[in-house]
Amino acid sequence: MSQLGMVIDLNKCIGCQTCTLACKSQWTDRAGREFMYWNHVETAPGQGYPRGWRTAGGGWDGDRLRPGRLPRLEEDYGIPADFDFAAALFQPGDRPLRPLEAMQWGPNWEEDQGAGDFPNGFFFYLPRLCNHCTHPACLAACPRQAIYKREEDGIVLIDQERCRGYRYCVAACPYKKIYFNPLVGRSEKCLFCYPRLERGIPQACAYQCVGRARHVAYLDDPEGAVHQLVQVWRVALPLHPEYGTQPNVYYVPPLSPPVFDADGRPSGEPRIPGDYLRQLFGPAVETALATLQAEIAQKAAGGESALMDLLIAYRHGDLFRLSRPRGGRP
Amino acid sequence: MSTPRKAPRRRWTRGLGRALLGAGLGLAAAGAPLTAPGPIPAGAEAPLDRWLPVALAETAPPIDPLDPIWDAVPVTPIPLYPQATAPDGPGGAVLALEARLRWGDGQLALRLTWPDPTEDLVDRRATHRFADAAAVQFAPGGETLPYVGMGEPGRPVAIWRWHAGGTAEGLSAQGFGSLTRDPGPQPESRALRTGTGWVLVLRGAVGPEIAAVALAAWDGVEDGRAGRKRLSAWQRIDLPGAEPRGRLAVEAKTAGDPARGGQLFARHGCGACHGPYGGPGPQLIHAGGIHWPGYLRRSIAAPESFRVPGFSAVMPVLPLNPGEIDDLAAYLMTLR
C-alpha cells in the first residue's frame, strides 16, 4: 500500500484558520455538518476540540481497542452560532449582530489562552485533521466494515452506503476526528480531499495555507518532503504516537523563546516545557528540536541547510508531490 | 411437539371466511394446534413450544396500536435476552415483551408491547444519544432455521426495524455486519408511548414462505445499537398458504437428559471457553432462551458449519454419540 502523508510545520502555523475555512466551505457548511470541523486549529495547551478529546479514550491498547466515549454536540463540540442578519443589518435601531443563543463552547474557544504565567506564558497552534492512520482504530471498531483504507493512497474513508450511525468509530478514534451527523444519522470525516487529489490538486487545507506550513507527498517517495522530514531528517513526528494508530499526519514540533528568570533575564530553557512536548509527540521530540536548532544556527550563520530550504519552501509548488513514487504499487 | 390437548385454539377474528384458509391450513381446520400462548416453557423437559399465534382476517390488520381489533388478538409473552455473543452486548435482565400478530389481505401486523422506563427519541441535536428501537426478523421455512443473530451467509433473513421518533425500514441480512436496506416497499409503523414503555405496530407485506419470526429491542438509554440489544428465539408462525408446520419438528426436538448433559458439559470442560464472563467462545448464559435445540446440536456436532462472527475457530468436535449430544443440547436449553 502506498501512503500519502502530510507534514505540518508548527513553527510556521500562525493560527489564521485559513485551512479551517478552506475545509469548511468545501465540505461541511450545511446539512447537519455545521458543527463539524474536519480540519481545525486549536491552541495548545488546552482542552481542544472536541473539548477534552485527549481524555475521551479510543486508540489501541496493544492489539485491543481501548474504550472511548462519544463527544456531545452542545458541551464538547459547541452548537454553531446562528445570527439574525435581517434584524441587525436591515432594520432600524442599533441592535448588534450577536449569536441568537449564547455560546458555551466552540472549535476555537481557547484561542491564544495557553498556559504559564507572565512573563513566561506560552502556547502554540495545533492544526488537526484525520490522520489517515496506518492502523486505524475506527476501521477496526466498525462492526459493519463500513470504513476502508484505500490501497492506492492509504486514505481512510467511511462508505456512506454502509454506515448505519452506530458510532463505534467515533468512540474508537483517539483523535476524535470522526463526526456523527445527527441530521442524516451517519458518521462522516475528513476525506483527505480525495476528489481534489484525483484531479492533481492538493488538499484544500494544505493548498490554502498562507504560511506554507503543510507538505504533502507519499511517504515512500524518497524525493518527497514527507519522506525527507519524517524518515531522513526525523524532525516530523506523529501526534500522540502512544495511541497506537500510527498517524500519517506529522508535525514539526514548535521551538520557543527562552524562559525569563526571576531577574527578567532570558535563560537557556525553552518556554514550552519539554515534558509537555514529550506528552504530545513522544520522546523523539528532543532529537527533532535539537536538529532544528542546529540547522537554524547553520543557516543563520550563512551556511547551507537542506532541511531549512525544505521547510522554508521557497516555491509554493515545492510543498506538494502528489504523483505516486515510481515503483510504488497502487 | 405440542399436543392438540395442550394448545389453545387460534382465536378467529370476525369476518374470516373459511375459503380464505386454503389447502395449507387444512391442519387448522382439523383441530390441530396453531398457537401456543401462555407461559414460557421452564426448561428442556417441556416440549419446545415456540409458536406465535396469528389472528387471520380478510381485511388488512390495523396500524393503530389502540384499534379495538387488537383486543381480540391473542397475546403471547416473549422473553428478550441480552445478546451475549456481541462484543458490546448489553448484559442485564431479560425483557418481557408481549406480541400480538394479525394477518389479512397479504399483510402481517405485529403489535409489540415492552417495558422501557425512559423515552429515547432520535435527537437531531445530539451526537451522543441513541434512540429506542425494535425490530422483527423473518425466516423462511426449511429443515432448519438460520442463525437467530441476523441470519448467516447464504441464509438471509428479512428485518423490519423501527426507531423511536423515526420510521420503520425494511432490511435484509446474511450475518453480522451485513444488514442492507431493502429497496422494495417499506413496512409501516406506528408507536405509542405509555407511562412505562412502548406499544408499537409494525405492518407490511409478508409471504407464506415465512415460517418464523424473532424480535429484538434496543434501549437508547444504554446506548443500544447494533448488537447492544435484547432478542428472542425464533418463534414459529403459520401464515395462510404455508406448508404444514411439522417441518421444524427435528429442529424443535428436545430428547436428552439435561442432568446428564450438565455432567458432560463439566467433564469436557466446556466452561473453560464458554464461561459466564466470556472467553474464546460465546457466553452461553442465555443459550436456551435464544437458541433452538437443533441449532445447539448442530453447533456441538459440527461447530464449523456456522461460527458466530468474531469468535475464533478453536471449538473442537468432541467424541460424543448422538444421545450425548442430545443430553448436552438439553442441558444448554435450560440456560436462560
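You'll find the structure just up there.
These figures come from a predicted structure and were not determined experimentally. Going along each chain's sequence as written, the residues are numbered from 1 onward. Here the convention is simple: chains get letters from A, ligands get numbers from 1, in the order in which they are written. Note on the predicted model: pLDDT of at least 70 is required for a residue's local features to be given, and 80 or more for side-chain atom pairs to be given and counted; whole-chain, interface and lining totals, by contrast, use all residues. Only hydrogens and water are removed before side-chain values are computed, so all heavy atoms of the structure are retained for them.

Description of the interface of chain B and chain A
Here comes step 1: Contact residues are listed per partner, giving 19 residues for chain B and 20 residues for chain A.
Here comes step 2: Here the buried area means the combined drop in accessible surface, using a 1.4 Å probe, for two parts upon being joined, counting both sides. Looking only at chain B, the three residues that lose the most surface to chain A are Arg125, Thr127 and Arg225 of chain B, adding up to 38% of its buried area.
Here comes step 3: Every case where a carboxyl oxygen of Asp or Glu lies within 4 Å of a side-chain nitrogen of Lys or Arg is listed as a salt bridge. Summed over the shared surface of chain B and chain A, the result is two salt bridges.
Here comes step 4: Note that Arg125 of chain B is salt-bridged to Glu101 of chain A, the shortest N-O span being 3.8 Å.
Here comes step 5: Polar contact is defined as a pair of N or O atoms within 3.5 Å, subject to the rule that within protein one atom must be able to donate a hydrogen and the other to accept it, and that residues adjacent in sequence are counted only when both atoms are side-chain atoms. There are eight residue pairs in polar contact (both at pLDDT 80 or more) connecting chain B and chain A.
Here comes step 6: Residues that form the side of chain B that touches chain A fall into these classes: five nonpolar, five polar and nine charged. Contact between two residues is taken to exist if any of their heavy atoms lie within 4.5 Å; hydrogens are not considered. Here the nonpolar group is Ala, Val, Leu, Ile, Met, Phe, Trp, Tyr, Cys and Pro; Asp, Glu, Lys and Arg are the charged ones; every other residue, Gly included, is treated as polar.

Some remarks on the nonpolar core
Most often, soluble globular proteins have nonpolar side chains that are buried together.
Here comes step 1: Counting residues in each nonpolar core, the largest one holds 81 residues, and the members touching the most others are Met6 and Phe281 of chain A.
Here comes step 2: For our purposes a nonpolar core is just a set of buried Ala, Val, Leu, Ile, Met, Phe, Trp, Tyr and Cys residues, chained together by side-chain atoms within 4.5 Å. Burial classification: accessible surface area is computed with a 1.4 Å probe over protein chains only, and a residue below 20% of its type maximum counts as buried, one above 50% as exposed, and the rest as partly exposed. Ranked by size, the runner-up nonpolar core spans 50 residues in total, among them Tyr81, Ala135, Val148 and Tyr295 of chain B.

Section: the side chain of Arg144 of chain A
Here comes step 1: Secondary structure follows DSSP: runs of H or I at least 4 residues long count as helices, runs of E at least 2 residues long count as strands, and numbering of each begins at the N terminus. Relative to the elements of secondary structure, Arg144 of chain A occurs in the loop between helix H4 (137-141) and strand S6 (147-149).
Here comes step 2: His is not counted, nor are the chain ends, whereas Lys and Arg count as positive and Asp and Glu as negative. One buried charged residue, Arg144 of chain A, forms no salt bridge at all, with the nearest opposite charge on Asp159 of chain A at 8.4 Å.
Here comes step 3: In terms of polar contacts, Arg144 of chain A uses its side chain to reach the backbone carbonyl oxygen of Leu179 of chain B, at 2.5 Å.
Here comes step 4: Aside from chain neighbours lying at most four places away, what touches Arg144 of chain A is Arg162, Arg164 and Tyr166 of chain A together with Gly177, Ser178 and Leu179 of chain B.

Notes on a nonpolar patch on the surface
Here comes step 1: Taken together, the side chains of Phe83, Phe85, Leu89, Phe90 and Leu97 of chain A define a hydrophobic patch exposed on the protein surface, amounting to about 530 Å² of accessible area.
Here comes step 2: Locating Phe83 of chain A in the fold gives a position in the loop between helix H2 (73-77) and helix H3 (85-90). Only residues whose relative accessible area exceeds 30% and that form no salt bridge enter a patch; like-charged residues are grouped when within 9 Å of one another, and nonpolar side chains (Val, Leu, Ile, Met, Phe, Trp, Tyr) when within 5 Å. Using a 1.4 Å probe, the Shrake-Rupley method yields the accessible areas, and only the shown protein chains count as cover for residues.

A look at the pairing of strand S1 (residues 4-9) of chain A
Residues and elements named next belong to chain A.
Here comes step 1: Taken across its six residues, S1 has six buried, putting it largely inside the fold.
Here comes step 2: Of the two faces of S1, the one holding Leu4, Met6 and Ile8 and the one holding Gly5, Val7 and Asp9 are both buried throughout.
Here comes step 3: Note: two strands are recorded as paired if DSSP finds a minimum of 2 bridges between them. Note: S1 against strand S10 (residues 214-218), five bridges, orientation antiparallel. Within S10, the residue paired with Gly5 across the bridge is Ala217.
Here comes step 4: In this sheet, strand S12 (residues 249-252) lies alongside S1 in parallel orientation, the contact comprising four bridges. Its bridge partner lying in S12, Ile8 is registered against Tyr251.

Quick look at the pattern of salt bridges
Here comes step 1: For the structure shown, the criterion picks out 26 salt bridges over all chains.
Here comes step 2: Close ionic contact of Arg72 of chain A with Asp76 of chain A constitutes a salt bridge, the shortest N to O distance being 3.0 Å.
Here comes step 3: Judged by its relative accessible area of 31%, Arg72 of chain A is partly exposed.
Here comes step 4: Residue Arg260 of chain B pairs with Asp327 of chain B through a salt bridge whose shortest N-O separation is 2.9 Å. Note that Arg260 of chain B is positioned in helix H3 (residues 258-267) and Asp327 of chain B in helix H6 (residues 322-333), a separation of 67 residues in sequence.
Here comes step 5: Residue Asp327 of chain B is classed as buried on the basis of its relative accessible area, which comes to 5%.
Here comes step 6: Each of Arg150, Glu152, Asp153 and Glu198 of chain A takes part in salt bridges that share partners, so that together they form one network.

Considering the sheet that holds S10 of chain A
Residues and elements named next belong to chain A.
Here comes step 1: Taken in spatial order, the five strands of this open sheet run S11-S12-S1-S10-S15, and their pairing is mixed. The sheet is open, and its two edges are formed by strand S11 (237-238) and strand S15 (320-321), each paired on a single side.
Here comes step 2: Here, axes are lines fitted to C-alpha atoms. For helices the fit covers the stretch in contact, and angles between N-to-C directions go from 0 to 180 degrees. Seen against the sheet, helix H8 (residues 225-232) touches S1, S10 and S12 and runs at an angle of roughly 95 degrees to S10.

As for the pairing of strand S1 (residues 54-57) of chain B
Residues and elements named next belong to chain B.
Here comes step 1: Of the two faces of S1, the one lined by Val54 and Leu56 and the one lined by Ala55 and Ala57 are each fully buried.
Here comes step 2: Of the strand pairs in this sheet, S1 and strand S3 (residues 95-104) are connected by four bridges, and their pairing is parallel. Bridged to Leu56 within S3 is Trp103.

Some details on H6 of chain B
Residues and elements named next belong to chain B.
Here comes step 1: Here the expected span of a helix is defined as 1.5 Å times the quantity of residues minus one. For H6, spanning twelve residues, the distance from its first C-alpha to its last is 16 Å, which sits close to the expected 16 Å at 1.5 Å a residue.
Here comes step 2: On its buried face, H6 is in contact with H3, helix H4 (287-290) and helix H5 (293-301).
Here comes step 3: By the N-cap criterion, in which a side-chain oxygen at the helix start approaches the backbone nitrogen of a residue two or three places on, H6 is capped by Asn321, the distance to Gly323 being 3.1 Å.

Quick look at the packing of H5 of chain B against H6 of chain B
Residues and elements named next belong to chain B.
Here comes step 1: The interhelical angle for the contact between H5 and H6, taken along N-to-C directions, is 125 degrees, at an axis separation of 9 Å. Classified by the angle between their axes, H5 and H6 sit oblique to one another. Remark: the crossing between H5 and H6 carries right-handed chirality. Where H5 abuts H6, its residues Pro293, Leu296, Arg297, Ile300 and Ala301 lie against Ile325, Asp326, Leu328, Ala329, Leu332 and Met333. Roughly parallel refers to an angle under 35 degrees, roughly antiparallel to one over 145, roughly perpendicular to one between 65 and 115, and oblique to any angle outside these ranges. Left-handed describes a crossing whose near helix is turned anticlockwise from the far helix through less than a right angle; right-handed describes the clockwise counterpart.

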